[in-house]
Amino acid sequence: MNDAQRRGFDEALLLNSQGLVAEGSGENLFVVHHGGIVTNDKDASILMGVTRASILEIAADLGIAARVAPISVEDVLGADELFFTGTAVEVTAIREVDGRVVGGGTPGPVTRRIQETFNQAVRGQLPQYRKWLSFVRQEVRA
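Please read these numbers as outputs of a predicted model, since none were measured by experiment.

### A look at the confidence of the model for the chain
In the predicted model, the chain carries a mean pLDDT of 90, and the fraction of residues at 70 or more is 92%. Considering each helix and strand of the chain separately, the mean pLDDT is smallest for helix α1 (residues 2–6), with a value of 62, and largest for helix α4 (residues 109–122), with 97.

### Observations concerning the pairing of strand β4 (residues 36–39)
On a regular strand, one side chain projects to one face of the sheet and the next to the other, so that they alternate. Side chains Gly36 and Val38 of β4 all project onto a buried face; the interleaved residues Ile37 and Thr39 project onto the opposite face, where all are buried too. Looking at chain direction, strand β3 (residues 28–33) and β4 are connected through three bridges and run antiparallel. When the sheet's bridge partners are listed, valine 32 is paired in β4 with isoleucine 37. In sequence, β3 turns back onto β4 through a hairpin of two residues, with histidine 34 there showing a positive phi of about 55 degrees. With three bridges joining them, β4 and strand β5 (residues 66–68) adopt parallel strand pairing. Across the sheet, residue isoleucine 37 finds its bridge partner in β5, namely alanine 66.

Reading the values: the criteria
Counting of residues starts from 1 at the beginning of each chain's written sequence and follows it residue by residue. Given that this is a predicted model, residues contribute local features only at a pLDDT of at least 70 and side-chain atom pairs are listed and counted only at 80 or more, while totals for whole chains, interfaces and linings are drawn from all residues. Only hydrogens and water are set aside when side-chain values are computed; all heavy atoms of the structure are taken into account. On a scale of 0 to 100, pLDDT captures the predictor's confidence in every residue. Only DSSP runs of H or I with at least four residues qualify as helices, and only runs of E with at least two residues qualify as strands; both kinds are numbered from the N terminus onward. A 1.4 Å probe rolled over the protein chains alone gives each residue an accessible area, and that area as a share of the maximum for its type sets the label: buried under 20%, exposed over 50%, partly exposed in between. Between any two strands, at least two bridges found by DSSP are needed for them to pair.

Quick look at the structure:
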């Protein structure tokens, strides 16, 4: 990660021992190609994130084809869109990789659609995802 920051990047992509893309330094990676999404699994040496699982469920509900498969550096460099998922980043589009612009350099339509649905789900605005939430009351003290 330090090397990525020294080179002016916000984040790094980590490779596994086979030279395949594993994940970001604290996020799972999704590749968008031809309207479908691809992410990898534990065989790629990743942490199996809750947000990652949520995105796979959302994609299925939205009719977006989703596959779990190995991701090569070439897959990343040839992607129509890329995004990270995780507790801290939620769903965050990736604008460029190694100085190469991804898609048009802005969040693409698949990323935006998944991101909007996820944001609505975690805010309790979509009944089908309320099962993911636990509601709490906060005491306000004067």
